[in-house]
Amino acid sequence: MTLLKISDLYKSYFITADVQQPVLKGINLELNAGELVALVGESGCGKSTLINILGGMDRDYYGSVSMRNRSLNDFTESETDDYRKREVGLIFQNYNLIPDMTIKENVEIAMTVAGADAHLRSQRAMELLKLVGLDQSSDKMPDQLSGGQRQRVAIARALINNPTVLLADEPTGALDRASADAVMTILTKIAEKGKLVIIVTHSERIAAACGRVIRMDDGVIVSDERRRHDKPPSVKPRDLPAGHMRVREIIRLSIRNLLQNRSRNILVAAGMSIGIAAMVLILALGGGLTGYVNDVYTGTDSLEMEVSKSDNDFFLWADYSRIDSIEGIESYIKELYVAGAGIKTYDASQSINYLYELNEGYLPSLMFGTYPLEGQVLIGQALAEELSDDYSSLIGQTATVSYDDNSISLVVSGIYEDTSDSSNRYKAFIVRSDFLSLTGLAENSAANILYLTAENAENVSAIINDLTAFGYSVEQQDSVINTILEYIDLGTGVLTAVGGISMLISAIMIFTVLYISVVERTKVIGILRAVGAGKKDVRAMFLSEAGILGLTAGLMGATVCLVISVIANIVCLSVLSHAVVSYNPLYYLAGLALSVVISMVSGVAPAIRATELDPVEALRCD
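For clarity, every value in this text was computed on a predicted model and none was experimentally measured.

Engineer: What is the right way to read the pattern of salt bridges from this model?
Structural biologist: Oppositely charged side chains are able to pair whenever their charged atoms sit close together. Here the structure, examined in full by the defined rule, presents 26 salt bridges. Close ionic contact of Glu35 with Arg226 constitutes a salt bridge, the shortest N to O distance being 3.7 Å. Residue Glu35 is found in the loop between β2 (20-32) and β3 (36-40), and its partner Arg226 is found in strand β10 (residues 220-226); the two are separated by 191 residues along the sequence. According to the relative accessible area criterion, Arg226 is exposed, its value standing at 51%. With a closest N to O distance of 2.6 Å, Arg212 and Asp224 form a salt bridge. Of this pair, Arg212 sits in strand β9 (residues 212-217) while Asp224 sits in strand β10, and the two are 12 residues apart along the sequence. Assessed through its relative accessible area of 2%, Arg212 is described here as buried.

Engineer: What is the right way to read the nonpolar core from this model?
Structural biologist: For soluble globular proteins, nonpolar side chains are generally found buried alongside one another. The biggest cluster of nonpolar side chains holds 98 residues, and the ones touching the most others in it are Ile6, Leu9, Leu31, Leu54, Leu187, Ile198 and Ile199. Beyond its immediate chain neighbours, meaning those up to four positions away, Leu9 contacts Leu24, Lys25, Gly26, Ile27, Leu50, Ile53, Tyr61, Tyr62, Gly63 and Val65. In terms of nonpolar packing, the next biggest core, distinct from the first, is built from 28 residues, Ile379, Ala382, Leu410 and Leu438 among them.

Engineer: Honestly, the packing of helix α15 (residues 522-530) against helix α16 (residues 535-575) in this entry has me stumped. Any pointers?
Structural biologist: Relative orientation and spacing of two packed helices are given, respectively, by the angle between their axes and the distance between those axes. With their axes 10 Å apart at the nearest point, α15 and α16 run at an angle of 140 degrees to one another. One way to sum up the angle between α15 and α16 is to call them oblique. Here α15 and α16 pass one another in a crossing that is right-handed. Counting all contacts with α15, which are made through Ile525, Leu528 and Arg529, the residues of α16 involved are Lys535, Val538, Met541 and Phe542.

Engineer: What is the right way to read empty space enclosed by the protein from this model?
Structural biologist: Left-over empty space is what a probe sized like a water molecule reveals as it rolls over the atoms. Applying the stated criterion across every chain yields a total of five cavities of 30 Å³ or more. Roughly 110 Å³ of volume is contained in the largest cavity. In terms of lining, the largest cavity is formed by 14 residues, of which the most central are Val88, Gly89, Arg157, Ala158 and Val531. Counting residues per element, the ones that place at least two in the lining of the largest cavity are α2 (77-86), β6 (88-92) and α5 (147-159). Considering each element in turn, the lining of the largest cavity owes the most residues, four residues, to β6. Of the residues contributing to the lining of the largest cavity, the split by class is nine nonpolar, two polar and three charged.

Engineer: Sorry if this is basic, but what is going on with the packing of aromatic side chains here?
Structural biologist: The geometry of an aromatic ring pair is captured by the separation of the ring centres together with the interplanar angle, meaning the angle of the planes. Here the structure, examined in full by the defined rule, presents 12 aromatic pairs. Geometrically, the ring pair formed by Phe315 and Tyr472 is tilted, given 5.9 Å between the ring centres and 40 degrees between the ring planes. Residue Phe315 is located in the loop between β11 (304-309) and α10 (317-324), and its partner Tyr472 is located in strand β21 (residues 472-476); the two are separated by 157 residues in the primary sequence. Look at Tyr472 and you get buried, because its relative accessible area is 6%. Summarising the aromatic geometry, the rings of Tyr356 and Phe429 are spaced 4.9 Å apart at their centres and angled 20 degrees between planes, so their arrangement reads as stacked. Taken together, the positions of Tyr356 in strand β14 (residues 349-357) and Phe429 in strand β19 (residues 427-430) put the pair 73 residues apart, joining distant regions of the chain. Taking the relative accessible area as the measure of exposure, Tyr356 reaches 1% and is therefore buried. For Phe429, a relative accessible area of 3% corresponds to the buried category. Taken together, the ring pairs in this structure connect Tyr337, Tyr354, Tyr356, Tyr416, Phe429 and Tyr451 into an aromatic cluster. One residue, Lys334, lies across the ring of Tyr320, its end atom 4.2 Å from the ring centre.

Conventions and cut-offs
- Residues numbered from 1 in each chain as written.
- Predicted model: local features only at pLDDT ≥ 70, side-chain atom pairs only at ≥ 80, totals over all residues.
- Heavy atoms only, no water.
- Salt bridge = Lys/Arg side-chain N within 4 Å of Asp/Glu carboxyl O.
- Helix = DSSP H or I, 4+ residues; strand = E, 2+ residues; numbered from the N terminus.
- Buried < 20%, exposed > 50% of the residue type's maximum accessible area, 1.4 Å probe, protein only.
- Core = buried A, V, L, I, M, F, W, Y, C linked by side-chain atoms within 4.5 Å.
- Contact = heavy atoms within 4.5 Å.
- Axes fitted to C-alpha atoms, helices over the stretch in contact; angles between N-to-C directions.
- Parallel < 35°, antiparallel > 145°, perpendicular 65-115°, else oblique.
- Left-handed = near helix turned anticlockwise from the far one by under 90°.
- 1 Å grid on protein atoms, 1.4 Å probe; cavity = no way out; pocket = protein on both sides within 12 Å on 5 of 7 lines; lining within 4 Å.
- Points joined across faces, edges and corners; volume = space filled by probe spheres on them.
- Nonpolar A, V, L, I, M, F, W, Y, C, P; charged D, E, K, R; others polar.
- Phe/Tyr/Trp six-rings, centres within 6.5 Å; stacked < 30°, edge-to-face > 60°.
- Lys NZ or Arg CZ within 6 Å of the ring centre and 35° of its normal.

Any functional reading would require information that these geometric values do not contain.
See the structure below:
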């Protein structure tokens, strides 16, 4: 039964950009299930290159290699990975075991990358270790075994997914005679079970134990000798899915890899945690100070605004709908006013920029006297100063208030605090009956001024911007809160920029560490690719390592920030009776998310570099 058919196979390597060295020069072969084949030839004749092509490790060639009448050239990248997982088992002269895994884990790894269940992996690995006589040493590390024992581990690993073809590249070359004989006994038994076993060897003694000997010289086959009839193949059970490595296995391997260089990785995470702690602390401090300002200024004029239309016209229902759509407004009070009134006392006169109808829902802050009743007027401090040097003496005096051609005599009931720095600061208030009598407006006249109160200090600036965008004129009663918040925002921005620089440096550190890790683990990557791991699996493993580094840094940074916040708030509570650092969990979650994202972005280039490694070249790396 023909499994592998090779037709007109040519392969060359580039010595320079323009010069090629031919290695395979027209190979034609048919290889059958159940055969034990020796591939014999001098070094450099193309034996290992042929094995790499048959194993799906090298796809850069001319000609055709078919598995069950399907050309490997027609395989997608994913199908080639599945081919190495399911159809082919590779055994190397130098064993290629992963040094930081136990021999049981080394045997399991091919099933791990195939996405097999942990229990099934463990059961199959122990069965195969028993087959090669190493079941009592399953927890040992590779460096605790002899060369022959390590080669037997490599054989068990090659068999774990029950492959159809076993490719052994000089499996006995580094072994003593007794170990070599033990390995050959195992390979012979495997072939007797109906698998195609191809052994690359220099040894005529090893070749003599095989049922078919193919000799190569200078890239061509010079002889093909069948010495005996091998056992017919048995049916291969298909009980193992060929999938991708499971997420939890990727994470488990990533954690293992990070722990191999724990000191270096802890230092990198600690460095990044400083930037994360700074960013979270900045956000928490900004939020806490804003909350403190809100508490201090709640109920003061800083949250209040006067709103009017630019043409001093009355507000319509459409205006109220627009204002209602603005977020952050706690309430507003409607009021009437007129512009261009005048006031005259016994010794002075002054124009009134705005004359208001007194509304009990919005009462200015008194300095002297009382709020006006019918027949009285309340004037602002700025207006009073223009009417008299001793403006408190104005209370009780009769003043004539005029508008257009009308005038009425009113008694000054009080003076209120006018802190506005506007040029239109000369204002006065009278009750509705006097207002309508003086202005001649109808009883049901609508408002032409609104007094708005913000829910908190944070909303003031946004409300003013929204009102201005709608075309309204806005005058804030006390703008000091905006100044304070602007300084808080400015400080937060500056500190955030400093934290951002720290994060950038941390990102460069993570990129460098992961890139070094790719170099250090080049051979391990080659082993994973050889046993069927796809580029997606390798990429996911490195991105997972980056994400774990970022998560660790984020947790460390959040912890540092929390400790600093608790200490700072204890001090501030004793001094200001108010905590100034917020414990908002969203800040901490944002810090964690930022840390993970930055780390994973930093890991993209090293992860891509790892997937671009040529499996054959990677396996040659020491």
